[in-house]
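Results of the structural survey
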Amino acid sequence: MAVKISELFIKDKKPQHGLLAVEWVIMGYMVFTLLMMAFLWTDLVSAEAMLWGRLRYVVVTLAAWALYWVWPCRLTLLARIAAQMCFLGWWYPDTYEMNRLLPNLDHLFASWEQSVFGCQPSLLFSQAVPYGWFSELMCLGYVSYFPLIALVTLYYFFQRYKEFQMATFVILSSFYVYYFIFVLLPVTGPQFYYLAVGTEKIAAGVFPDVGNWFLTHSERMAAPGWGDGFFHHLLDMAHNAGERPTAAFPSSHVGITTVLVLLAFRTRSKSLIFTILPFYILMCFSTVYLYAHYAIDAIAGLLTGIAFYYILCHLYQRA
């Protein structure tokens, strides 16, 4: 049932005390990263800044909880979820601060890519389809990531409020499972590894181990295609703001959008489904076209996205 504007400020008859389920998940992730920081403390480049960032996260989370406690209504609940979603952009590059201290594994993933496909799809895709209009479509698909998350979140809030907490629990918890993997699995993806090694070696099927190269280097290849395109510029802005040599396997872009598609199908809303599907298809291809991921990363993102959706839905229903 759709939520009316007047209902946003009505106090909940049965307000939820304490932290939300998803807030507990993120607190658990924070404890995990603190343990990692303790283990890696002497080698961390930005240890104090990372600690202050976690303190800010706790303060904001408690402030959002206090706001809901003072006036427990739908709008203040939305504010709590929005606060958590705003922190996604901070937690993502934070994974780099830890995994860059571990030996890089891109040479293994590039070798597996070569074994599976007999080539490097990420290197050849843009060469096979070099058209400006196509690259703009790929960039559009990639930059639709956060707008799609907002769309599904707001749809559940306004149209299926009873399932709003479930939907946001699945979305946000999926992110933090991916972040957990990214901390422990240092794979940067083609845009960083290809540049570090040289595309000539990659094309020749040579994938050297770069060791701790990304401890001090974060240069990436420019996205292919029409550099003057509107969506190409948006992609560059997003990359310059938060991209780091981290988080390649599995592709969280494909994984999270897979979760969003499954949540859309759960609603049985044709308008929502057919709005998301074209962007989802573009997303799956764009991650490889734009050098962001190996093809095996995208496949793993699809499979893990499906798995996370069903597992997390089940866990939420049992909680």
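Anyway, here's the lowdown on the structure attached to this text. As the structure is a computational prediction, the values presented were derived from the model and not from experiment.

1. Brief notes about the overall build of the protein chain
A count of helical and extended segments in the protein chain gives 15 helices and zero strands. The C-alpha atoms of the protein chain give 20 Å as radius of gyration, which agrees with the globular expectation for 319 residues (20 Å, within 12%). The buried share among the 319 residues of the protein chain stands at 52%. The contacts of the protein chain with a sequence gap of at least 6 include a subset with a gap of at least 24, amounting to 85%. Put simply, the protein chain shows about 14900 Å² of open surface, and 70% of that area lies on carbon and sulfur atoms.

2. Quick look at the packing of helix α1 (residues 21-40) against helix α9 (residues 164-184)
The description of two packed helices rests on the angle between their axes and on the distance between the axes. Relative to each other, α1 and α9 sit at 10°, their axes nearing to 9 Å. The angle between α1 and α9 falls in the class roughly parallel. For the pair α1 and α9, the contacting residues are Ala21, Val22, Val25, Ile26, Tyr29, Phe32 and Met36 in the first and Thr168, Phe169, Leu172, Ser173, Tyr176, Tyr179, Phe180, Val183 and Leu184 in the second. Among the residues making up the contact of α1 with α9, the classes are represented as 14 nonpolar, two polar and no charged.

3. Structural notes on empty space enclosed by the protein
Gaps between atoms show up when a probe of the same size as a water molecule is rolled over them. The tally for this structure, following the rule as stated, stands at one cavity of 30 Å³ or more. Asn99, Arg100, Leu102, Asn104, Pro186, Val187, Thr188, Gly211, Phe214, Leu215 and Pro245 together form the lining of the largest cavity. Here the lining of the largest cavity is composed, by residue class, of six nonpolar, four polar and one charged.

4. Focus: the pattern of salt bridges
Under the defined criterion, the tally for this structure stands at five salt bridges. The salt bridge partner of Glu97 is Arg100, with a shortest N-O separation of 2.7 Å. Judged by relative accessible area, which is 14%, Glu97 ranks as buried. The exposure class of Arg100 is buried, given its relative accessible area of 12%. The salt bridge involving Arg266 is made with Glu163; its shortest N-O contact spans 3.0 Å. Separated by 103 residues along the polypeptide, Arg266 in helix α13 (residues 252-267) and Glu163 in the loop between α8 (145-159) and α9 bring together distant segments of the chain. When salt bridges with common partners are traced through the structure, they connect Arg160, Glu163 and Arg266 into a single cluster.

5. So, the packing of α9 against α13
Contact pair α9 / α13: the axes reach a minimum separation of 10 Å and the direction vectors enclose 165°. Considering their axes alone, α9 and α13 lie roughly antiparallel with respect to each other. For the crossing formed where α9 meets α13, the hand is right-handed. Seen from α9, the contacting residues are Met166, Ala167, Val170, Ile171, Ser174, Phe175, Tyr178 and Phe182; seen from α13, they are Ser252, Gly255, Ile256, Val259, Leu260, Leu263 and Arg266.

6. Some points on the nonpolar core
Trp91, Ile171, Phe175, Tyr179 and Leu263 are the most contacted members of the largest nonpolar core, which has 80 residues in total. The leading source of residues in this core is α9, at 13 residues. Once you skip the residues sitting within four places of it in the chain, Leu263 turns out to touch Val152, Tyr156, Met166, Ala167, Ile171 and Tyr309. If you look at the next biggest cluster of nonpolar residues, it comprises 18 residues, including Ala110, Leu123, Val187 and Ile202.

7. A short note on the layout of surface pockets
Size it by volume and the largest pocket reaches roughly 510 Å³. In terms of lining residues, the largest pocket is bounded by 26 residues, among which Tyr92, Tyr145, Phe146, Glu243 and His253 are the most central. Put simply, the parts of the chain that give the lining of the largest pocket at least two residues each are α4 (88-99), α7 (132-143), α8, α9, α12 (230-242) and α13. Ranked by the residues each element gives to the lining of the largest pocket, the list is headed by α12, at six residues. Residue composition of the lining of the largest pocket, grouped by class: 16 nonpolar, nine polar and one charged. In this structure, the second largest pocket occupies an estimated 280 Å³ of space.

8. Here's the deal with the environment of Thr153
Here Thr153 lies in helix α8. Taking C-alpha positions, Thr153 is 18 Å from Ile306, a pair spaced 153 residues apart along the chain. Other than its neighbours up to four places away in sequence, Thr153 contacts Met85, Phe164, Thr168 and Ile171.

9. Section: unusual backbone geometry
In this structure, Pro250 follows Phe249 across a cis peptide bond, with omega equal to -10°. One non-glycine residue, Arg268, adopts positive backbone phi at about 60°. A relative accessible area of 75% places Arg268 in the exposed class. Although it is not a glycine, Tyr291 adopts a positive phi angle of roughly 70°. Within the secondary structure, Tyr291 sits in the loop between α14 (270-289) and α15 (295-318).

10. Looking at the packing of aromatic side chains
Considering all chains together, one arrives at 33 aromatic pairs under this definition. Considering the side-chain rings of Phe157 and Phe158, the 5.0 Å spacing of their centres and the 90° angle between planes classify their relative orientation as edge-to-face. The class for Phe157 is buried, based on a relative accessible area of 0%. Judged by its relative accessible area of 27%, Phe158 is partly exposed. Here the aromatic rings of Phe230 and Phe231 are separated by 5.1 Å at their centres, their planes lie at 75°, and the arrangement is edge-to-face.

Conventions we followed
Residues numbered from 1 in each chain as written. Predicted model: local features only at pLDDT ≥ 70, side-chain atom pairs only at ≥ 80, totals over all residues. Heavy atoms only, no water. Helix = DSSP H or I, 4+ residues; strand = E, 2+ residues; numbered from the N terminus. Rg over C-alpha atoms; globule rule 2.2 N^0.38 Å. Buried < 20%, exposed > 50% of the residue type's maximum accessible area, 1.4 Å probe, protein only. Contact = heavy atoms within 4.5 Å. Areas by Shrake-Rupley, 256 points an atom, 1.4 Å probe, with all protein chains shown as cover. Axes fitted to C-alpha atoms, helices over the stretch in contact; angles between N-to-C directions. Parallel < 35°, antiparallel > 145°, perpendicular 65-115°, else oblique. Nonpolar A, V, L, I, M, F, W, Y, C, P; charged D, E, K, R; others polar. 1 Å grid on protein atoms, 1.4 Å probe; cavity = no way out; pocket = protein on both sides within 12 Å on 5 of 7 lines; lining within 4 Å. Points joined across faces, edges and corners; volume = space filled by probe spheres on them. Salt bridge = Lys/Arg side-chain N within 4 Å of Asp/Glu carboxyl O. Left-handed = near helix turned anticlockwise from the far one by under 90°. Core = buried A, V, L, I, M, F, W, Y, C linked by side-chain atoms within 4.5 Å. Phe/Tyr/Trp six-rings, centres within 6.5 Å; stacked < 30°, edge-to-face > 60°.

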